[in-house]
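The primary structure of each chain is shown beneath.
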Amino acid sequence: MLTLLLFAGGCVKRRSALPPPVVRGPAYVELQPEWRVQVITPLLKSGGFLLKTTEQQESGNTITLRAGDEFLGYETAIYSVSKHPKEGVRVVLTEVAMNRDGQLTHPAKSFAPRLRMPKRMRHVRLLYSLKVSDADHGMAVLAARNLAALGELTTNVQARPETECRNSRESYCEWVPAGIAMRVEKRIGADWKPAN
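Residues numbered from 1 in each chain as written. Predicted model: local features only at pLDDT ≥ 70, side-chain atom pairs only at ≥ 80, totals over all residues. Heavy atoms only, no water.

Undergrad: Describe the overall build of the protein, listing the residues and the values that go with them.
TA: Assigned secondary structure in the protein consists of three helices and 12 strands. A total of 196 residues make up the protein; the buried ones form 34% of that total. Pairs at least 24 apart in sequence give 61% of the contacts found in the protein among residues at least 6 apart. (Helix = DSSP H or I, 4+ residues; strand = E, 2+ residues; numbered from the N terminus. Buried < 20%, exposed > 50% of the residue type's maximum accessible area, 1.4 Å probe, protein only. Contact = heavy atoms within 4.5 Å.)

Undergrad: Quick one: what's the story with the confidence of the model for the protein, residue by residue and with numbers?
TA: Within the protein, residue pLDDT values average 81, and 78% of them lie at 70 or more. Note on residues 1-26: pLDDT is under 50 here. Beyond four places in sequence and across chains, it has 17 contacts. Scored below 50 in pLDDT, residues 132-136 shows eight contacts in the model against residues more than four places distant or in partner chains. (pLDDT = per-residue confidence, 0-100.)

Undergrad: Residue-level account of the sheet that holds strand β7 (residues 103-105), with values.
TA: Spatially, six strands are ordered β7-β6-β5-β2-β11-β12 in an open sheet, and the strand pairing comes out antiparallel. Strand pairing shows two members of the sheet lacking a second neighbour, β7 and β12 (191-194), which therefore form its edges. In this sheet, adjacent strand axes meet at a mean angle of 30° when their direction is disregarded. When strand β2 (residues 35-44) meets strand β11 (residues 181-188), the two strands line up antiparallel, connected through six bridges. Looking at the pairing, Q38 lines up with R183 of β11. (Pairing = 2+ DSSP bridges. Axes fitted to C-alpha atoms, helices over the stretch in contact; angles between N-to-C directions.)

Undergrad: Explain helix α2 (residues 147-159) residue by residue, including any values.
TA: Taking 1.5 Å per residue as the helical rise, α2 with its 13 residues ought to reach 18 Å, and the 18 Å between its terminal C-alpha atoms agrees with that figure. Among the residues making up α2, those that are buried are A149, L150, L153, T154, V157 and Q158. Buried residues of α2, seen end-on, are gathered within an arc of 160° and therefore sit on one face of the element. Across α2 from its buried face, at more than 90 degrees, point the exposed residues A148, E152 and A159. (Expected span 1.5 Å × (residues − 1). Arc of directions from axis to C-beta.)

Undergrad: Residues and numbers for the state of the cysteines, please.
TA: Scanning the model with the defined rule gives one disulfide in all. Residue C165 pairs covalently with C173 via a disulfide, S to S 1.9 Å. Linking C165 and C173, the disulfide has an S-S dihedral of approximately -100° and is accordingly described as left-handed. Take C165 and C173: they sit in the same class, and that class is buried. (Disulfide = S-S within 2.5 Å.)

Undergrad: Break down the pattern of salt bridges for me, with residues and values.
TA: Should the charged atoms of two oppositely charged side chains come close, the side chains can pair. Following the criterion strictly, the structure yields eight salt bridges and no others. For R145, the salt bridge is made with E170, and the minimal N-O distance between the two is 3.7 Å. Taken together, the positions of R145 in the loop between β9 (137-144) and α2 and E170 in the loop between α3 (161-164) and β10 (171-176) put the pair 25 residues apart, joining distant regions of the chain. Looking at R145, the relative accessible area reads 31%, which means it is partly exposed. Residue E170 is classed as partly exposed on the basis of its relative accessible area, which comes to 34%. (Salt bridge = Lys/Arg side-chain N within 4 Å of Asp/Glu carboxyl O.)

Structure below.
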């Protein structure tokens, strides 16, 4: 009987196409006053953001990755989140640090700016889009003039991420390119800790 089941299982028709992405939710962080967002962007020769490593070496709890000469450095941009006078929040770039070839500089502007929504957008969420597996994820910046519009945009992007991340007079959506890290932080005592 077991042989028959194994044989029958081997005859099952297999599909080569992957299933469409499935977004599980809600998985977002709504930015709050007094928080900050740290954006870390790699600086690569190719101009892209996704670093491909060439070698991996493990020693105890330490993993060493080699990037080759493609990796030039990285930028850390800090955006402060403050209370808007009417309602919601304002997000403003407050600091940029560029580490290139081990040399630290502080340019006035980010070379790859994020969180660029129009000033009329007062409510901001970072949407974590979990797709086929928990390891395959993306992030979008969602913003709107009011909470109702932000809720509608969130629902639409979660349901149809490939088509509904778009901008209008009432809302803003931008996918964060793979390779760029965004960390939402809040102050706890003298330190900044993850907010989520």
